[in-house]
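Report on the structure
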Amino acid sequence: MSKITRSPASSPASSPAFAITGAGGTSITTWSARIAASGDDGYWSPDMDFDNSATTTKVGFDGMMFDDINSFFRFQNVIVPNAATISTATLTVVIGVNASATFDMTIIGEDVNDSAAYADETDAGDATETTANVTWSGSSSWETSDVEVSPDIKTIIQEIVNRGGWASGNDLTLRVKNKTEDSGEEYSFKTYDDSAGVSALLTIKY
């Protein structure tokens, strides 16, 4: 029989971490949380554009400014031990506006021990990024309120939790950046400022 052990939730935006131990003694722990505060998700572009209070964030290309648009998602109190072996990890988003193009995005992490909130485009643009990154192919069929799950991003999470200064309970930021769009199209994702229940969700199994 499997044994399930639960630990207390850290905040209303988080689910309890729980471990499932099989008959062979192998244990898998799952932790997940949504964005926990206004200001922890938003978008920026290199051309001095930044917003962390809108009801949607976006990834794509600004056809007027000829500049990429990129999103960030900061997750607080990530309950994953230092150097834990990550088995899977995903980012789940809710679509904010119907998409009209298909292009690729890049998911990458901020390579720090404990991620601070971004206050402006300089904070976002100058952040040190992980070596690990994952391509996420979007779709023109994405419609408002659709729930979309990223490819496995375990390599990104692994690189962050392997840092010497990482500790369980630290904060972690994922960045979703334009990779191939160059004609003025974008994807839109709902944020905490729309509703906490539709903000981005990070799920990690280790």
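Summarised in this report is the structure supplied together with it.

Definitions and limits used
- Residues numbered from 1 in each chain as written.
- Predicted model: local features only at pLDDT ≥ 70, side-chain atom pairs only at ≥ 80, totals over all residues.
- Heavy atoms only, no water.
- Helix = DSSP H or I, 4+ residues; strand = E, 2+ residues; numbered from the N terminus.
- Buried < 20%, exposed > 50% of the residue type's maximum accessible area, 1.4 Å probe, protein only.
- Contact = heavy atoms within 4.5 Å.
- Areas by Shrake-Rupley, 256 points an atom, 1.4 Å probe, with all protein chains shown as cover.
- Polar contact = N/O pair within 3.5 Å; in protein donor to acceptor, adjacent residues only side chain to side chain.
- Core = buried A, V, L, I, M, F, W, Y, C linked by side-chain atoms within 4.5 Å.
- Lys, Arg positive; Asp, Glu negative; His and termini not counted.
- Salt bridge = Lys/Arg side-chain N within 4 Å of Asp/Glu carboxyl O.

**Observations regarding the overall build of the protein**
If you tally the helices and strands in the protein, you get 2 helices and 14 strands. When each of the 206 residues of the protein is scored for burial, the buried share is 45%. Contacts spanning at least 24 positions in sequence make up 75% of the contacts within the protein whose residues lie at least 6 apart. Entry remark: accessible area of the protein is about 9,100 Å², with carbon and sulfur atoms responsible for 49%.

**A closer look at unusual backbone geometry**
Despite not being glycine, alanine 83 has its phi angle at roughly 65°, a positive value. By relative accessible area, alanine 83 is classed as partly exposed at 43%. A positive phi angle, near 80°, is found at serine 145, a position not held by glycine. Tracing the chain through its elements places serine 145 in the loop between strand S10 (129-137) and strand S11 (147-149). Exposure remark for serine 145: the relative accessible area of 41% places this residue in the partly exposed category.

**A short note on the side chain of asparagine 170**
The topology assignment puts asparagine 170 in strand S12 (residues 170-178). Residue class for asparagine 170 comes out buried when judged on its relative accessible area of 13%. One polar contact links the side chain of asparagine 170 to the main-chain carbonyl oxygen of asparagine 113, over a distance of 2.8 Å. Every residue in contact with asparagine 170, bar those within four places of it in the chain, is listed here: Phe75, Gln76, Asn77, Val78, Asn113, Asp114 and Gly165.

**A word on the environment of aspartate 182**
If you trace the backbone, aspartate 182 turns up in the loop between S12 and strand S13 (186-190). A C-alpha to C-alpha distance of 8.0 Å links aspartate 182 and aspartate 68, two positions 114 residues apart in sequence.

**Let's talk about the nonpolar core**
By size, the foremost hydrophobic cluster in this structure holds 38 residues, and its most contacted members are Leu91, Ile153, Ile157 and Ile204. The dominant element in this core, judged by the number of residues it contributes, is helix H2 (residues 154-161), at 4 residues. Not counting chain neighbours up to four residues away, the residues in contact with isoleucine 153 comprise Ala89, Thr90, Leu91, Ile107, Val134, Leu174 and Leu202. Counting residues in hydrophobic clusters, the runner-up holds 6 residues, among them Trp44, Phe50, Phe72 and Ala127.

**A few points about the side chain of glutamate 181**
Inspection of the secondary structure assignment puts glutamate 181 in the loop between S12 and S13. For the buried residue glutamate 181, which engages in no salt bridge, the nearest side chain bearing the opposite charge is lysine 58, 13 Å off. Engagement of the side chain of glutamate 181 in a polar contact is seen with the backbone nitrogen of serine 183, the distance being 2.6 Å.

On their own, these measurements won't tell you what the molecule is for.
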